[in-house]
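# Inside the fold
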Amino acid sequence: MEKFKKISAEELAENPFKLIGTDWALVTSGSKESFNTMTVSWGGVGIMWGKPSAFTFIRPQRYTFDFMEKNEYYTMSFFDEKYRKALQFCGSKSGRDYDKVKETGLTPAFTEDGIPYFEEAKLVLVCKKAYSQFLTEDSFEDKANVSKWYEQKDFHKMYISEIKEIHVKD
Ligand SMILES: Cc1cc2nc3c(=O)[nH]c(=O)nc-3n(C[C@H](O)[C@H](O)[C@H](O)COP(=O)(O)O)c2cc1C
(Lines give C-alpha, C1' and ligand atoms only; values in the text may rest on other atoms or scores of the structure.)
Protein backbone atom coordinates (compact mmCIF):
# COMPACT_ATOMS: atom_id res chain seq x y z
CA MET A 1 0.00 0.00 0.00
CA GLU A 2 2.66 2.51 -1.15
CA LYS A 3 0.35 5.51 -1.39
CA PHE A 4 -0.84 5.00 2.18
CA LYS A 5 0.65 5.62 5.59
CA LYS A 6 -0.04 3.12 8.38
CA ILE A 7 -1.32 4.72 11.59
CA SER A 8 -2.56 3.53 14.97
CA ALA A 9 -6.22 3.74 16.02
CA GLU A 10 -5.43 6.62 18.39
CA GLU A 11 -3.98 8.61 15.49
CA LEU A 12 -7.20 8.46 13.47
CA ALA A 13 -8.31 12.09 13.40
CA GLU A 14 -11.59 11.82 11.49
CA ASN A 15 -15.00 11.68 13.15
CA PRO A 16 -16.40 8.12 12.86
CA PHE A 17 -20.02 9.36 12.90
CA LYS A 18 -19.31 11.37 9.78
CA LEU A 19 -17.07 8.75 8.19
CA ILE A 20 -19.57 5.91 8.48
CA GLY A 21 -22.95 7.62 8.76
CA THR A 22 -22.51 10.50 6.32
CA ASP A 23 -19.63 9.66 4.01
CA TRP A 24 -20.36 5.88 3.93
CA ALA A 25 -17.85 3.09 3.35
CA LEU A 26 -17.29 0.11 1.10
CA VAL A 27 -17.06 -3.22 2.87
CA THR A 28 -15.00 -5.52 0.69
CA SER A 29 -14.42 -9.21 1.30
CA GLY A 30 -12.85 -12.04 -0.66
CA SER A 31 -9.61 -12.79 -2.43
CA LYS A 32 -7.79 -11.79 -5.63
CA GLU A 33 -9.67 -14.55 -7.42
CA SER A 34 -13.11 -13.54 -6.19
CA PHE A 35 -14.35 -10.67 -4.05
CA ASN A 36 -17.35 -8.40 -3.63
CA THR A 37 -17.99 -4.96 -2.25
CA MET A 38 -21.02 -3.10 -0.92
CA THR A 39 -21.80 0.24 0.69
CA VAL A 40 -22.46 0.51 4.41
CA SER A 41 -23.56 3.44 6.52
CA TRP A 42 -24.41 1.61 9.72
CA GLY A 43 -21.86 0.27 12.15
CA GLY A 44 -19.12 1.76 14.19
CA VAL A 45 -15.64 1.65 15.57
CA GLY A 46 -14.53 1.44 19.19
CA ILE A 47 -12.86 -0.89 21.62
CA MET A 48 -13.84 -4.51 22.24
CA TRP A 49 -11.89 -7.12 24.18
CA GLY A 50 -9.28 -4.44 24.68
CA LYS A 51 -8.64 -3.97 20.97
CA PRO A 52 -9.57 -1.39 18.33
CA SER A 53 -12.64 -2.91 16.70
CA ALA A 54 -15.16 -2.38 13.93
CA PHE A 55 -18.84 -3.23 14.26
CA THR A 56 -20.40 -4.14 10.92
CA PHE A 57 -23.98 -5.14 10.14
CA ILE A 58 -24.79 -7.09 6.97
CA ARG A 59 -28.16 -8.45 5.89
CA PRO A 60 -28.11 -12.09 4.77
CA GLN A 61 -29.47 -11.40 1.28
CA ARG A 62 -26.43 -9.31 0.33
CA TYR A 63 -24.02 -11.04 -2.06
CA THR A 64 -21.27 -9.61 0.14
CA PHE A 65 -22.69 -11.65 3.03
CA ASP A 66 -21.50 -14.88 1.35
CA PHE A 67 -17.97 -13.47 1.21
CA MET A 68 -18.15 -12.21 4.79
CA GLU A 69 -19.03 -15.71 5.93
CA LYS A 70 -16.25 -17.43 3.99
CA ASN A 71 -13.38 -15.04 4.69
CA GLU A 72 -11.63 -14.19 7.93
CA TYR A 73 -10.74 -10.64 6.89
CA TYR A 74 -12.48 -7.74 5.18
CA THR A 75 -11.72 -4.10 4.62
CA MET A 76 -13.64 -0.87 5.07
CA SER A 77 -12.63 1.72 2.46
CA PHE A 78 -13.57 5.40 2.91
CA PHE A 79 -13.59 7.92 0.06
CA ASP A 80 -13.75 11.59 -0.81
CA GLU A 81 -17.10 13.06 -1.86
CA LYS A 82 -16.26 12.70 -5.56
CA TYR A 83 -16.76 8.95 -5.27
CA ARG A 84 -20.33 9.28 -3.96
CA LYS A 85 -21.79 7.98 -7.25
CA ALA A 86 -19.65 4.86 -7.05
CA LEU A 87 -20.80 4.25 -3.48
CA GLN A 88 -24.41 4.81 -4.50
CA PHE A 89 -23.98 2.19 -7.20
CA CYS A 90 -22.36 -0.32 -4.84
CA GLY A 91 -25.17 0.32 -2.37
CA SER A 92 -28.04 -0.19 -4.79
CA LYS A 93 -26.87 -2.91 -7.18
CA SER A 94 -25.74 -6.42 -6.39
CA GLY A 95 -22.47 -8.02 -7.35
CA ARG A 96 -24.64 -10.97 -8.41
CA ASP A 97 -25.94 -8.87 -11.32
CA TYR A 98 -23.20 -6.33 -12.02
CA ASP A 99 -19.43 -6.12 -12.18
CA LYS A 100 -19.06 -3.31 -9.64
CA VAL A 101 -15.41 -2.68 -10.54
CA LYS A 102 -16.26 -2.26 -14.21
CA GLU A 103 -19.35 -0.13 -13.54
CA THR A 104 -17.73 2.25 -11.02
CA GLY A 105 -14.19 2.43 -12.38
CA LEU A 106 -12.82 1.84 -8.89
CA THR A 107 -9.47 0.05 -8.80
CA PRO A 108 -9.27 -3.04 -6.61
CA ALA A 109 -6.01 -3.53 -4.77
CA PHE A 110 -4.83 -6.11 -2.28
CA THR A 111 -2.95 -5.88 0.99
CA GLU A 112 0.24 -7.90 1.48
CA ASP A 113 -2.03 -10.62 2.84
CA GLY A 114 -4.23 -10.51 -0.25
CA ILE A 115 -7.21 -8.74 1.30
CA PRO A 116 -9.13 -6.57 -1.18
CA TYR A 117 -9.57 -2.79 -0.83
CA PHE A 118 -9.79 0.13 -3.26
CA GLU A 119 -6.87 2.20 -4.44
CA GLU A 120 -8.98 5.41 -4.59
CA ALA A 121 -9.80 5.24 -0.84
CA LYS A 122 -8.47 7.90 1.51
CA LEU A 123 -8.68 5.56 4.50
CA VAL A 124 -8.69 1.77 4.74
CA LEU A 125 -9.41 -0.34 7.82
CA VAL A 126 -8.27 -3.96 7.65
CA CYS A 127 -10.66 -5.96 9.84
CA LYS A 128 -10.40 -9.51 11.19
CA LYS A 129 -13.63 -11.13 12.28
CA ALA A 130 -13.71 -11.93 15.97
CA TYR A 131 -17.40 -12.57 16.62
CA SER A 132 -20.54 -12.74 14.52
CA GLN A 133 -24.17 -13.22 15.38
CA PHE A 134 -27.53 -12.53 13.80
CA LEU A 135 -29.65 -9.98 15.58
CA THR A 136 -32.73 -11.73 16.94
CA GLU A 137 -36.24 -10.37 17.31
CA ASP A 138 -36.38 -11.39 20.97
CA SER A 139 -33.32 -9.35 21.80
CA PHE A 140 -34.74 -6.03 20.64
CA GLU A 141 -35.45 -3.84 23.66
CA ASP A 142 -37.05 -1.29 21.36
CA LYS A 143 -39.48 -3.35 19.27
CA ALA A 144 -40.26 -0.33 17.12
CA ASN A 145 -37.01 -1.00 15.30
CA VAL A 146 -38.24 -4.48 14.33
CA SER A 147 -41.32 -3.21 12.54
CA LYS A 148 -39.46 -0.23 11.13
CA TRP A 149 -36.42 -2.03 9.70
CA TYR A 150 -37.22 -5.75 9.49
CA GLU A 151 -40.56 -6.20 7.78
CA GLN A 152 -39.04 -9.22 5.98
CA LYS A 153 -37.43 -10.50 9.21
CA ASP A 154 -34.09 -10.20 7.42
CA PHE A 155 -32.12 -9.40 10.53
CA HIS A 156 -28.60 -8.13 10.09
CA LYS A 157 -25.67 -10.27 11.08
CA MET A 158 -23.38 -8.33 13.35
CA TYR A 159 -19.64 -8.74 12.93
CA ILE A 160 -17.33 -7.55 15.66
CA SER A 161 -13.90 -7.40 14.12
CA GLU A 162 -10.48 -6.46 15.30
CA ILE A 163 -9.04 -3.57 13.30
CA LYS A 164 -5.63 -5.02 12.45
CA GLU A 165 -4.36 -2.15 10.30
CA ILE A 166 -5.34 1.43 9.49
CA HIS A 167 -3.97 3.04 6.33
CA VAL A 168 -4.47 6.72 5.41
CA LYS A 169 -3.42 8.93 2.52
CA ASP A 170 -1.70 12.20 3.48
C1 LIG B 1 -25.86 4.49 2.02
C2 LIG B 1 -26.10 3.02 2.09
C3 LIG B 1 -25.79 2.33 3.24
C4 LIG B 1 -26.02 0.94 3.36
N5 LIG B 1 -25.69 0.30 4.52
C6 LIG B 1 -25.89 -1.04 4.62
C7 LIG B 1 -25.52 -1.74 5.81
O8 LIG B 1 -24.92 -1.18 6.75
N9 LIG B 1 -25.78 -3.07 5.86
C10 LIG B 1 -26.41 -3.76 4.84
O11 LIG B 1 -26.65 -4.96 4.93
N12 LIG B 1 -26.75 -3.10 3.69
C13 LIG B 1 -26.48 -1.78 3.55
N14 LIG B 1 -26.80 -1.13 2.39
C15 LIG B 1 -27.36 -1.89 1.26
C16 LIG B 1 -26.31 -2.62 0.40
O17 LIG B 1 -25.19 -1.79 0.16
C18 LIG B 1 -26.96 -2.99 -0.95
O19 LIG B 1 -28.03 -3.87 -0.72
C20 LIG B 1 -25.99 -3.57 -1.97
O21 LIG B 1 -26.58 -3.49 -3.24
C22 LIG B 1 -25.58 -5.00 -1.66
O23 LIG B 1 -24.72 -5.42 -2.68
P24 LIG B 1 -24.29 -6.94 -2.88
O25 LIG B 1 -25.52 -7.75 -3.13
O26 LIG B 1 -23.36 -6.91 -4.06
O27 LIG B 1 -23.58 -7.36 -1.62
C28 LIG B 1 -26.56 0.24 2.26
C29 LIG B 1 -26.88 0.93 1.08
C30 LIG B 1 -26.65 2.32 0.98
C31 LIG B 1 -26.97 3.04 -0.29
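Just above sits the structure.
Residues numbered from 1 in each chain as written. Predicted model: local features only at pLDDT ≥ 70, side-chain atom pairs only at ≥ 80, totals over all residues.

### What to know about the site of the ligand
How we decide: The C-beta atom of each residue is placed using the backbone, and any residue whose C-beta lies within 6 Å of a molecule or strand is treated as near it. In this text, helices come from DSSP runs of H or I with a minimum length of four residues, and strands from runs of E with a minimum of two, each type numbered from the N-terminal end. Nonpolar residues are Ala, Val, Leu, Ile, Met, Phe, Trp, Tyr, Cys and Pro. Charged residues are Asp, Glu, Lys and Arg, and all others, Gly as well, are polar.
What surrounds the ligand is a group of 21 residues, the closest being Tyr63, Thr64, Gly91, Ser94 and Gly95. Sorting elements by how many residues they give to the shell around the ligand places strand β3 (residues 35-40) first, with four residues. Residue classes in the shell around the ligand are distributed as seven nonpolar, 10 polar and four charged.

### Quick look at the environment of Glu112
Keep this limit in mind: Backbone-placed C-beta atoms define the burial measure: a residue is buried with 20 or more other C-beta atoms within 10 Å of its own, exposed with 12 or fewer, and partly exposed in between.
Structurally, Glu112 is set in the loop between β7 (108-110) and β8 (116-118). Note on Glu112: 8 C-beta atoms within 10 Å, which makes it exposed. Distance in space between the C-alpha atoms of Glu112 and Met1 is 8.0 Å, their sequence separation being 111 residues.

### Observations concerning helix α2 (residues 63-70)
For the record, the criterion: Directions are taken from the helix axis to each C-beta atom, and the arc is the one they span. A residue pair is marked as a contact if its C-beta atoms, positioned from the backbone, fall within 7 Å.
All buried positions along α2 are accounted for by Thr64, Phe67 and Met68. Taken down its axis, α2 places every buried residue within 105 degrees of arc, on the same side. Residues of α2 that are buried sit in contact with β2 (25-30), β3, β5 (51-58), β6 (73-78) and β10 (157-168).

### Examining the pairing of β5
What counts here: Each pair of strands is called paired provided DSSP finds at least two bridges between the two strands.
One ladder, built from five bridges, connects strand β4 (residues 44-48) with β5; its direction is antiparallel. Along β5, the bridge assignment pairs Val45 with Ala54. Hairpin geometry of β4 and β5 is characterised by an intervening segment of two residues between the two adjacent antiparallel strands and by a positive phi of about 50 degrees at Trp49. Here β5 runs beside β10; their pairing, made up of six bridges, is antiparallel. Along β10, the bridge assignment pairs Phe57 with Met158.

### Some thoughts on helix α1 (residues 16-23)
Taken together, the buried positions of α1 are Leu19, Ile20 and Asp23. Viewed along the axis of α1, the buried residues span an arc of 120 degrees, placing them on a single side of the element. Residues of α1 that are exposed and angled more than 90 degrees away from the buried face: Phe17, Lys18 and Thr22. Next to the buried residues of α1 lie β2, β4 and β6.

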